[in-house]
Amino acid sequence: MEALRVHELAELVERAEVEKQVLDYELKLPDLSERWLQVNAAVITDSAGEREGTILVFHDLTRLKQLERTRQEFVANVSHELRTPLSLIKGYVETLLDGARNDPAIAERFLKIIERNTQRLDLLIQDLLTISALESERIKLNLQPVQLRPLVEKVFTDLKPPADNKNIDLVSQLPELTASADSNRLEQVLANLVDNAIKYGRAQGHVTVGGKIMDDGKLEIFVQDDGPGIPPESLDRVFERFYRVDKARSRDQGGTGLGLSIVKHIVQAHGGEVWVKSELGKGATFFFTLPSLK
């Protein structure tokens, strides 16, 4: 007790003295940062069988506990994300079978809802497969010279309809930059970031893409919106799988909750970094780096 100040550990020593051996005992240390230890305790005796002392062996389980919690949260999140569209599909199919299919107007409306939710399921499964492949490094990048301005214009063209729905101007401030990158994966990064900026930017606002060459020769690209911004406590978590700053609003906006995690993994696979800066009420700016063409 004098050395460690942990009552639970003192009780473990007393238990070991009675039982002679205690194995695989898990102990959570009472400090500010969560830390778990596995403790094995055994009594040391002399040739006459008299106790000479107790030996304790500690193994740090903190990382394993964190991984287990992450796995549990991931399973819970995937289950929730799958359950919501499946429940809607099931409900509307049952209603159609109960007779609603005989009214063409109702049947068409219900079928459109079913179609929308099957598309949501398909997107979720595709994103889960992408995350899995990126994390296990099964995706091999096809690195080629990629001119960024035409790629951004292509993304803008694809995302013009949702931008027009909110009267958002898509603005490119990119100079002529050429990256060494996988064009398809880089397009996925830009599409995810621009799509997010449109979803969470303010109506009649702007989404801006820009970039520069840094002193170390890498390219720094940014995607900026003028929406409500991200709270300071969420800045370090937005790239986590399924993390949502505003859960209700995020689900209303659609998406799988995996977009920014995919962005992070693709950028890191290129040897780059990704981060975000934001002030509440002043929008958010997402940055990432890429190797420039040698």
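Position labels on residues start from 1 in each chain and follow its written sequence. The model is predicted, so local features are restricted to residues of pLDDT at least 70 and side-chain atom pairs to those at 80 or more, both for listing and for counting; the totals for chains, interfaces and linings are taken over all residues. Excluded from the side-chain calculation are hydrogens and water; included are all heavy atoms of the structure.

Engineer: I'd love a proper account of the packing of helix α6 (residues 183-200) against helix α8 (residues 259-269), names of residues and values included.
Structural biologist: Packing of α6 against α8 leaves a shortest axis separation of 9 Å and a crossing angle of 145°. The chirality of how α6 crosses α8 is left-handed. Listed contacts from α8 to R185, Q188, V189, N192, L193 and N196 of α6 are G259, L260, I262, V263, I266 and V267. Classifying every residue of the contact of α6 with α8 by side-chain character gives 7 nonpolar, 4 polar and 1 charged. Here the axes come from fitting lines to C-alpha atoms, over the contacting stretch only for helices, and the angles between their N-to-C directions go from 0 to 180 degrees. Helix and strand assignments come from DSSP, with helices taken as H or I runs of at least 4 residues and strands as E runs of at least 2, each series counted from the N terminus. Left-handed describes a crossing in which the near helix is turned anticlockwise from the far one by less than a right angle; the clockwise case is right-handed. Every residue pair with non-hydrogen atoms within 4.5 Å of one another is taken to be in contact. Side-chain classes follow a simple rule in which Ala, Val, Leu, Ile, Met, Phe, Trp, Tyr, Cys and Pro form the nonpolar group, Asp, Glu, Lys and Arg form the charged group, and the remainder, Gly included, forms the polar group.

Engineer: Summarise the packing of helix α4 (residues 148-158) against α6; cite the residues concerned and give the values.
Structural biologist: Relative to each other, α4 and α6 sit at 50°, their axes nearing to 10 Å. As far as their axial angle goes, α6 and α4 are oblique. Here the hand of the crossing between α4 and α6 comes out right-handed. Where α4 abuts α6, its residues L148, L151, V152, K154, V155, F156 and D158 lie against S183, L186, E187, L190, A191 and V194. Of the residues belonging to the contact of α4 with α6, the class tally is 9 nonpolar, 1 polar and 3 charged. Throughout this description, any angle smaller than 35 degrees is read as roughly parallel, any larger than 145 degrees as roughly antiparallel, any in the 65 to 115 degree range as roughly perpendicular, and the remainder as oblique.

Engineer: I'd like a rundown of the packing of aromatic side chains, residues and numbers included.
Structural biologist: Only the six-membered ring of Trp is used, alongside the rings of Phe and Tyr, when aromatic pairs are assigned; centres must lie within 6.5 Å, and planes under 30 degrees apart are stacked while those over 60 apart are edge-to-face, with the rest tilted. Counted under the stated rule, the structure contains 4 aromatic pairs. Between W275 and F287, the aromatic rings sit 5.4 Å apart at their centres with planes inclined by 10°, giving stacked as the arrangement. Of the two residues, W275 is situated in strand β9 (residues 274-278) and F287 in strand β10 (residues 284-290); the sequence distance between them amounts to 12 residues. The class of W275 is partly exposed, set by a relative accessible area of 26%. Each residue is assigned to one of three classes by its accessible area relative to the maximum for its type, calculated with a 1.4 Å probe on protein chains only: buried under 20%, partly exposed between the two thresholds, exposed over 50%. When its relative accessible area of 13% is taken as the criterion, F287 is described as buried. The criterion is that NZ of a Lys, or CZ of an Arg, lies within 6 Å of the ring centre and within 35 degrees of the ring normal, and then a charge sits over that ring. The ring of W36 carries the charged tip of K65 above its face, separated from the ring centre by 4.6 Å. Of note, K277 hangs over the ring of F287, and the distance from its end group to the ring centre comes to 5.5 Å.

Engineer: Which residues make up the sheet that holds strand β7 (residues 206-213), and what are the values?
Structural biologist: Within a sheet, adjacent strands bond to each other through the backbone by hydrogen bonds, running parallel or antiparallel. Strand pairing is assigned whenever DSSP identifies at least 2 bridges connecting the two strands. Spatially, 5 strands are ordered β5-β7-β8-β10-β9 in an open sheet, and the strand pairing comes out mixed. Strands with a single pairing partner mark the edges of an open sheet, and in this sheet they are β5 (169-172) and β9. Each adjacent strand pair in this sheet contributes to an overall mean axis angle of 15°, direction not counted. In this structure, strand β8 (residues 219-225) lies alongside β10, joined through 6 bridges in antiparallel fashion. Bridge assignment links Q224 to a residue of β10, and that residue is T285. Each of β5, β7, β8 and β10 touches α6; the most contacted strand, β10, lies at about 175° to it.

Bear in mind that shape data such as this cannot, by itself, settle questions of function.
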